[in-house]
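Examination of the molecular architecture
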Amino acid sequence: MSDDAKKPKPILQLVGVRKTFGDFVAVDRIDLDVRQGEFLTIVGPSGSGKTTLLRMLAGMDVPSEGNITLHGELINDVPPNKRPTCLVFQSLALFPHKTVGDNIEFPLKVRGVDKETRKARALELMRVVRLPESYHGKNVMKCSGGEKQRVALARALAYDPEVLFFDEPLSAIDYKLKKVLEKELKDLHRETGKTFIYITHSLEEAMVMSDRIGVMRAGRLVQVGTPEQIYAEPADRFVSEFVGEVNVIEVARGADGAWTGVDLPGTYRITPPKDTAAERAFVVVRPEFMRLLAEGEGADNCLEGKIYNEYSLGSRLQYQVHVGQKVMLVEVPRGRLAPLQIDATVRLGFDARDAIVVGN
Amino acid sequence: MAFRLPTAGTRSAIPVGLLLLLGFAAPLVAIVAYSFATPRSFDVFTSFTLENYAGIFDVENTVWLSFLWSGLFALATVVLLAIFAYPIAYGLNRVFGRWSSLVSILFVFPLFVSENVRLYGWVLFFIKNGVLDGSLKAFGFEGGPDVLFTPGMILAGMLYTYLPFMLFPMTLGLAMVPGDLIDAARDLGAGRFQIWREIELPLAMPGILIGMLLTFVLGIGAIAEAKILGGQSVIVIAHDIEIAFTYSQNWPLGSALAVVITGFIAVLTLAVFGRLDLDRLLGRR
């Protein structure tokens, strides 16, 4: 990498980390450098091994193979209570028999901090996570979903960890509040300067908050990069599909060396894949880069299809267009085009620079 | 129509309502009524006197010794069983894994045999020239220890009989502690003992208290252990009540004793359930 020199030193380093349960490989040979102070999100569908990975980082599971080092020291077998790391659970794992204040003070209490100092610190942290001071004596189970999030966060911060882990803590929160909490979490990351490692199945969530995103699939880390890199240069078809709704066109190299769509008639001009030996590849075109061509208008790649349906996405309109046996999605800003009729025949086009060519 | 058929729910409740009325409420009323009847008479509902109660609370009367023995046995049973059952309950929840159900069945199994039969089995085992003593002598040893018919033996019998009643509520109580909370407490720096004291014990407390209450109530009313294993060396309160109703044919006294012990247990139960805020402990509010 070119920016090696200015890259901050890794705080956490994973080398060949693998975790098996019997014959099942949950996490398969993961190499990852987590930089000091970054907000790193691991994204993957359920069952991709991201929670197992997190549990190993937090010390609740021990890797079957490989090494995890913190500041260069091997911590594979260090138990969670001896690690300067803290996990915010998906369930939040708040102590139901304790008040908000006692929950937040718990890590200080077990460390033997005296009562006054504990309370002062708890109130300070409650300010940081935007909880009213009057909540100190409140039954934690009487708090709302969003308030519970804040309590869990404050409790984790009270431990004063170097690295904070998050296991999808926002998954049970309604959309609107989630958007608010995502931004607050990113602000909190800035304010505390700590290293955050966040796990989610929602790339959308990851995009909002993260400095870097790692995409996991079937126990492997498929790609690690900035949100821009993940969006613009997905490593493969899986990552590109994970980013959002995309059109995927399977292409093959013909006898003449030119690339054309498989079972999808049209005119093509496709940038060949990096892997020069490949016979087949996938062209990924986002719906917003797919255009409805006007009479006489051209594009690098042209397809002909029929409009099947129209969906309103607020500021944009999305059309489902059937091209042969395939379904294509096209998005246009609202009011840009004259209304289109269902079942009308249209020409779709996209330029080579707007398409991403990936392997499997 | 003037007559309206009661709802299906009410109709369904009639059989069990009748059963409770005849089998539970009526005897209770009879006992309370008898306790106010003239001593050594059967003038229930026709006489009223506090003599029976006065007799029980008379310092000259040694019946307080029976209350004391029953209370001590029950208390010792609760304390010792709590200590014995906790590790087993913990094991059933977190250590034994798929063997848990087998271990549970083994603990339940003795309940299928009548308590008296089991206790007489103990007598046969420990009695002079019995299984233990006789076998040891046959092999040329001194002979078994003379433990039968002592208060210690009564306590041992009670511990053995009531173990399941402490173990299973306790196991359920411990099962109510979410594993996440233990992981979280550990992650936040708590050691084993701190996790136990701060998280596990308070959250399992409903189950533990129910187990304690159950064994205490059973223990204070226990009679078979004292009669069979104790050989009447100690008279417990339930035994006193039995004597009053049988040999001495003094139903009013027996009833008064029964009312006193029932009242004591009722107060205790209400106190424990009052303290035991199940909803809060289960995190429902």
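Each chain carries its own residue numbering, running from 1 in the direction its sequence is written. By the order in which they are written, chains take letters starting at A while ligands take numbers starting at 1. Owing to the predicted nature of the model, reporting of local features is limited to residues with pLDDT of at least 70; listing and counting of side-chain atom pairs is limited to 80 or more, with chain, interface and lining totals taken over all residues. As a convention, hydrogens and water are excluded, and side-chain values are obtained from all of the structure's heavy atoms.

**Side note on the overall build of chain B**
- The secondary structure listing takes helices from DSSP runs of H or I that are at least 4 residues long and strands from runs of E that are at least 2 residues long, numbered from the N terminus. Looking only at helices and strands, chain B has 13 helices and zero strands in total.
- Traced from its N-terminal end to its C-terminal end, chain B shows the element sequence α-α-α-α-α-α-α-α-α-α-α-α-α.
- Reported as C-alpha extents along the three principal axes, the dimensions of chain B are approximately 85 × 70 × 40 Å.
- For every residue, the accessible area obtained with a 1.4 Å probe (protein chains only) is divided by the maximum for its type, and the residue is called buried under 20%, exposed over 50%, and partly exposed between those limits. A total of 285 residues make up chain B; the buried ones form 37% of that total.
- Contact definition: two residues touch when any of their heavy atoms are within 4.5 Å. The long-range share in chain B, meaning contacts at least 24 apart out of those at least 6 apart in sequence, stands at 68%.
- For chain B, the computed accessible surface area is about 15,900 Å², with 72% contributed by carbon and sulfur atoms.
- One finds the centroid of the 16 positive side-chain charges in chain B at a distance of 11 Å from the centroid of its 18 negative side-chain charges. Each accessible area is a Shrake-Rupley result for a 1.4 Å probe, and residues are judged covered by the shown protein chains and nothing else. By the counting scheme adopted, Arg and Lys are positive, Glu and Asp are negative, and His together with the chain ends is not counted. For the purpose of locating charges, the reference atoms are NZ of Lys, CZ of Arg, CG of Asp and CD of Glu.

**A closer look at the packing of helix α3 (residues 63–94) of chain B against helix α9 (residues 192–220) of chain B**
Residue and element names in this part refer to chain B.
- Think of each axis as a best-fit line through the C-alpha atoms, taken over the contacting stretch in the case of a helix, with angles from 0 to 180 degrees between the N-to-C directions. α9 packs onto α3 with a crossing angle of 135° between their chain directions and a minimal axis gap of 9 Å. Classified by the angle their axes make, α3 and α9 are oblique. Considering how the two elements wind past one another, α3 and α9 form a crossing that is right-handed. Facing Ser70, Gly71, Ala74, Leu75, Val78, Leu81, Ala82, Tyr86, Tyr90 and Arg94 of α3, the residues of α9 in contact are Trp196, Glu200, Leu201, Ile208, Met212, Thr215, Phe216, Gly219 and Ile220.
- Ten residues, namely Ala, Val, Leu, Ile, Met, Phe, Trp, Tyr, Cys and Pro, are considered nonpolar, four, namely Asp, Glu, Lys and Arg, are considered charged, and the remaining ones, Gly among them, are considered polar. Grouping the constituent residues of the contact of α3 with α9 by class yields 13 nonpolar, four polar and two charged. Angles are sorted into four bins: roughly parallel if under 35 degrees, roughly antiparallel if over 145, roughly perpendicular if 65 to 115, and oblique for all others. Note on convention: near helix rotated counterclockwise from far helix by under a right angle means a left-handed crossing. Clockwise means right-handed.

**Here we look at the domain arrangement of chain A**
Residues and elements named next belong to chain A.
- Partitioning chain A into domains gives domain 1 (3–239) and domain 2 (245–358).
- Taking only C-alpha atoms into account, the centre of domain 1 sits 39 Å from that of domain 2.
- Facing the six residues of domain 1 at the interface are six residues of domain 2.
- By buried area we mean how much accessible surface two parts lose on assembly, using a 1.4 Å probe and totalling the loss over both. Between domain 1 and domain 2, roughly 540 Å² of surface is buried when both sides are summed, and carbon and sulfur atoms account for 63% of that area.
- Any Lys or Arg side-chain nitrogen found within 4 Å of a carboxyl oxygen on Asp or Glu counts as a salt bridge. At the boundary of domain 1 with domain 2, the tally comes to zero salt bridges.
- Any pair of nitrogen or oxygen atoms within 3.5 Å is treated as a polar contact; in protein, a donor-acceptor pairing is required on top of that, and neighbouring residues in sequence qualify only through side-chain atoms on both sides. Across the contact surface, domain 1 and domain 2 share two residue pairs in polar contact (both at pLDDT 80 or more).
- When the residues that make up the side of domain 1 that touches domain 2 are grouped by side-chain class, the tally is four nonpolar, no polar and two charged. For the purposes of this description, domain bounds are those given by an automatic or database domain assignment.

**Remarks on the pairing of strand β16 (residues 301–313) of chain A**
Residues and elements named next belong to chain A.
- In the sheet, strand β13 (residues 266–267) pairs with β16 via two bridges, with the strands oriented antiparallel. Residue Gly266 lies in a different strand from β16, and its bridge partner there is Leu303.
- If DSSP finds at least two bridges between two strands, the strands pair. Relative to strand β19 (residues 345–350), β16 runs antiparallel, the two sharing six bridges. Looking at β19, one finds that Gly305 is bridged to Val346.
- With seven bridges joining them, β16 and strand β17 (residues 316–323) adopt antiparallel strand pairing. Bridging across to β17, Lys306 finds its partner in His322.

**Here's the deal with the sheet that holds strand β5 (residues 73–74) of chain A**
All names here are of chain A.
- Reading across the sheet, the four strands line up as β2-β1-β4-β5 and stay open at both edges, with antiparallel pairing between neighbours. Across the chains shown, the open sheet's two edge strands, defined by having one partner strand only, are β2 (24–35) and β5.
- Summarising the sheet, strand β1 (residues 10–21) and β2 pair through eight bridges and their orientation is antiparallel. Bridging from a neighbouring strand, Thr20 pairs with Val25 of β2.
- Of the strands in this sheet, β1, β2 and β4 (65–70) are in contact with helix α1 (residues 50–58), which crosses β1 at around 120°.

**Description of the nonpolar core**
Residues and elements named next belong to chain A.
- Here, nonpolar core refers to any group of buried Ala, Val, Leu, Ile, Met, Phe, Trp, Tyr and Cys residues whose side-chain atoms link them within 4.5 Å. Leu12, Ile42, Val100, Ile104, Phe165, Leu185 and Ile197 are the most contacted members of the largest nonpolar core, which has 116 residues in total.
- Setting aside anything within four residues of it in sequence, one finds Leu12 in contact with Leu32, Asp33, Val34, Leu57, Ile68, Thr69, Leu70, Ile75, Val163, Phe165 and Ile197.
- Tyr268, Val285, Leu348 and Phe350 belong to the second largest nonpolar core, which has 24 residues in total.

**Description of unusual backbone geometry**
Residues and elements named next belong to chain B.
- In this structure, Gln232 takes a positive phi of about 65° despite not being glycine.
- Within the secondary structure, Gln232 is located in the loop between α10 (224–229) and α11 (237–245).
- The exposure class of Gln232 is partly exposed, given its relative accessible area of 47%.
- Backbone geometry at Gln249 places phi at a positive 50°, although glycine is not the residue there.
- The residue Gln249 is located in the loop between α11 and α12 (251–275) in this model.

**Structural notes on the confidence of the model for chain B**
All names here are of chain B.
- Confidence of the prediction at every residue is given by pLDDT, a number between 0 and 100. Overall, the predicted model of chain B reaches an average pLDDT of 90, with 96% of residues at or above 70.
- Mean pLDDT across the elements of chain B ranges from a minimum in helix α13 (residues 278–281), with 54, to a maximum in helix α1 (residues 8–35), with 95.
- Reported confidences for the modelled complex are a pTM of 0.80 and an ipTM of 0.80.

**Here we look at α1(A)**
All names here are of chain A.
- A large share of α1 lies buried, amounting to seven of its nine residues.
- Of the residues making up α1, those classed as buried are Lys50, Thr52, Leu53, Leu54, Met56, Leu57 and Ala58.
- After α1 finishes, the residue Gly59 shows a positive phi value of roughly 95°.

**What to know about the side chain of Lys98(A)**
- Along the chain, Lys98(A) falls in the loop between β6 (85–88) and α2 (100–110).
- Dropping the residues within four chain positions of it, Lys98(A) is found in contact with Asn103(A), Phe106(A), Lys109(A), Val140(A), Glu198(B) and Ile199(B).

**Points about helix α5 (residues 115–126) of chain B**
All names here are of chain B.
- What a helix is expected to span follows from its residue count: subtract one and scale by 1.5 Å. With 12 residues, α5 should reach 16 Å at 1.5 Å per residue; the first-to-last C-alpha distance of 17 Å fits that figure.
- By the burial criterion, the buried members of α5 are Arg118, Leu119, Trp122 and Val123. All buried residues of α5 fall inside an arc of 150° around its axis, so they share one side. Those residues of α5 that are exposed and aimed more than 90 degrees away from the buried face are Val117 and Leu124.
- Its buried side turned inward, α5 meets α7 (151–175) and α10.
- The backbone nitrogen of Asn116 lies 3.3 Å from a side-chain oxygen of the residue at the head of α5, namely Ser114. To obtain the arc, one takes the directions from the helix axis to the C-beta atoms.

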